[in-house]
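A look at the structure
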Amino acid sequence: MARGRLTPERESELYNAVLDLLREVGYDALTMDAIATRTRSSKATLYRQWGSKPELVASAMRCTKPHDIGQVNTGSLRGDFLALAGMAEEHKMAEDAALMRGLFHAVHTNPDLLQALREVLIEPEIASFHDMVQRAVDRGEIAADNPAVKYLVHMLVGAFVARQIVEDAPPDPAFLQSYLDSVVFPALGV
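Keep in mind that what you see is a predicted model, and the values were worked out from it rather than measured.

What counts as what
Residues numbered from 1 in each chain as written. Predicted model: local features only at pLDDT ≥ 70, side-chain atom pairs only at ≥ 80, totals over all residues. Heavy atoms only, no water. Core = buried A, V, L, I, M, F, W, Y, C linked by side-chain atoms within 4.5 Å. Buried < 20%, exposed > 50% of the residue type's maximum accessible area, 1.4 Å probe, protein only. Helix = DSSP H or I, 4+ residues; strand = E, 2+ residues; numbered from the N terminus. Contact = heavy atoms within 4.5 Å. pLDDT = per-residue confidence, 0-100. Salt bridge = Lys/Arg side-chain N within 4 Å of Asp/Glu carboxyl O. Phe/Tyr/Trp six-rings, centres within 6.5 Å; stacked < 30°, edge-to-face > 60°. Lys NZ or Arg CZ within 6 Å of the ring centre and 35° of its normal.

1. Brief notes about the nonpolar core
Counting residues in hydrophobic clusters, the biggest one holds 27 residues, and the most contacted among them are Leu 22, Leu 56 and Val 57. Secondary-structure elements contributing two or more residues to this core are helix H1 (8-25), helix H2 (32-39), helix H3 (43-50), helix H4 (53-63), helix H6 (90-106) and helix H7 (111-138). Of all the elements, H1 adds the most residues to this core, at six residues. Those residues in contact with Val 57 that lie beyond four places of it in its chain are Val 18, Leu 22, Tyr 27, Leu 30, Leu 103 and Leu 113. Residues Ala 136, Leu 156, Leu 176 and Leu 180 belong to the second largest nonpolar core, which totals 24 residues.

Next comes the structure, spelled out in structure tokens:
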């Protein structure tokens, strides 16, 4: 969708309002009317800019991420992953984990949301992880045929989901660093 009429500041304000509403009411109760009211926009503007609620939510998730995985390149896979873990803000991670749990639940009954999240958020993140891993393969840090490579994203997503379920705690930077050292790096042979 063309977004030329919104300034970056206005777009950021709108995305933050969408995420605030999501945290307050959940995806199923979120309406374009509520977003329009909260952001002092018209529904027509929202639909013109994003086309649908799923696309707007996925765009908000993507554009409000504090860090771009694709920009992390420390020269080693271990350094890249530890840098990512260290960037995590504990209070933000707790908020984001709750938001993601709500969206994970919503995708089961909203295939359009799942498709939008895949296209706008998940696939670009996975591509960035694959690039990061490929750099490690090219440097000789991990073997190209290491069977754990194809499960890397699963391992990382699992850390986020399981920590909250098993320990009722967000996946804070200390947990993530320990998880990387104990699970991910050994599986990859790093």
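2. Focus: the confidence of the model for the chain
Here the chain shows a mean pLDDT of 86. Residues at 70 or above account for 91%. No element of the chain has a lower mean pLDDT than H6, which averages 69, and none a higher one than H2, which averages 94.

3. With respect to the pattern of salt bridges
Inspection of every chain in the model, using the stated rule, returns eleven salt bridges. Between Glu 125 and Arg 62 there is a salt bridge; the shortest N-O distance is 2.6 Å. With Glu 125 in helix H7 and Arg 62 in helix H4, this pair connects stretches of sequence that are 63 residues apart. Note on Glu 125: relative accessible area 14%, which makes it buried. Connected through salt bridges with shared partners, the residues Arg 10, Glu 13 and Arg 40 form a single ionic network.

4. Describing the packing of aromatic side chains
Two measures describe an aromatic ring pair: the distance that separates the ring centres and the angle between the ring planes. Using the criterion set out here, one finds four aromatic pairs in the structure. With a centroid separation of 6.0 Å and an interplanar angle of 25 degrees, the aromatic rings of Phe 175 and Tyr 179 are classed as stacked. Separated by four residues within a single helix, Phe 175 and Tyr 179 lie in helix H9 (residues 173-188), roughly one turn from each other. A residue is classified by how much of its surface remains accessible, and Tyr 179, at 17% relative accessible area, is buried. Taken together through their ring pairs, the aromatic side chains of Phe 81, Phe 129 and Phe 185 make up a single cluster. A cation over an aromatic ring shows up here: Lys 53 above the ring of Tyr 27, its NZ or CZ 4.1 Å from the ring centre.

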